[in-house]
Amino acid sequence: MLDKLTAAVLAAVNARTDGSYKVLEEGDILSALPDRFGTDPTSLSNALRYLSERGYIDIKYSDKGTYCVCSLPKGRSYEETSGAERRSDKKSFRGRLLLTFFGSMLGAFVGGVLAGLLIFFTLA
């Protein structure tokens, strides 16, 4: 599992390379990343090196802010599978939330009925 910055860098590389080697400038990749990450050239270089070491991308060369990169099948399939996981996690969370809600409502109802019966039989 990749962290958010590394996943965003992978998405930027995937969007620009489509399986073939492309020469990308540092500024092009940085502009594709969300501003909330506050990414600098050093962290971009670290993220690209991490992705390369793990087999998500291949870096043919890098020189002073210029990278020749290619997204590998593992990197392209990561986006597809992570998107599917997020959708299934949302469905799973919604199911658990509804089950918890209705389970607590049923428990409150049963507890109320038992308390009512207890009061009824102790007063009678």
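In case you missed it, the structure is sitting above this.
No experiment lies behind these values; they were computed from the predicted model shown. (Residues numbered from 1 in each chain as written. Predicted model: local features only at pLDDT ≥ 70, side-chain atom pairs only at ≥ 80, totals over all residues. Heavy atoms only, no water.)

Peer 1: Sorry if this is basic, but what is going on with the pairing of strand β2 (residues 57–63) here?
Peer 2: On a regular strand, each side chain points to the face opposite its neighbour's, so the side chains alternate between the two faces of the sheet. One ladder, built from six bridges, connects β2 with strand β3 (residues 66–71); its direction is antiparallel. In the strand pairing of β3, Asp63 is matched with Thr66. Counted along the chain from β2 to the antiparallel partner β3, the turn is two residues long, and its residue Lys64 has a positive phi close to 50 degrees. (Pairing = 2+ DSSP bridges. Helix = DSSP H or I, 4+ residues; strand = E, 2+ residues; numbered from the N terminus.)

Peer 1: Is there a simple way to explain the packing of aromatic side chains in this structure?
Peer 2: What characterises a pair of aromatic rings is the spacing of the ring centres plus the angle enclosed by the ring planes. Scanning the model with the defined rule gives three aromatic pairs in all. Taken together, a centroid distance of 5.8 Å and an interplanar angle of 80 degrees make the contact between Tyr56 and Tyr78 edge-to-face. One end of the pair, Tyr56, is in the loop between α3 (41–53) and β2; the other, Tyr78, is in helix α4 (residues 73–123), and 22 residues separate them in sequence. Taking the relative accessible area as the measure of exposure, Tyr78 reaches 13% and is therefore buried. Between the aromatic rings of Phe101 and Phe102, the centroid separation amounts to 5.2 Å while the plane-to-plane angle is 70 degrees, which identifies the pairing as edge-to-face. Using a relative accessible area of 44% as the deciding quantity, one classes Phe101 as partly exposed. Residue classification places Phe102 among the exposed residues on the basis of a relative accessible area of 54%. Residue placement shows Lys60 over the ring face of Tyr21; its charged tip is 4.7 Å from the ring centre. Over the face of the ring belonging to Tyr56 we find Lys74, whose NZ or CZ atom lies 4.7 Å from the ring centre. (Phe/Tyr/Trp six-rings, centres within 6.5 Å; stacked < 30°, edge-to-face > 60°. Buried < 20%, exposed > 50% of the residue type's maximum accessible area, 1.4 Å probe, protein only. Lys NZ or Arg CZ within 6 Å of the ring centre and 35° of its normal.)

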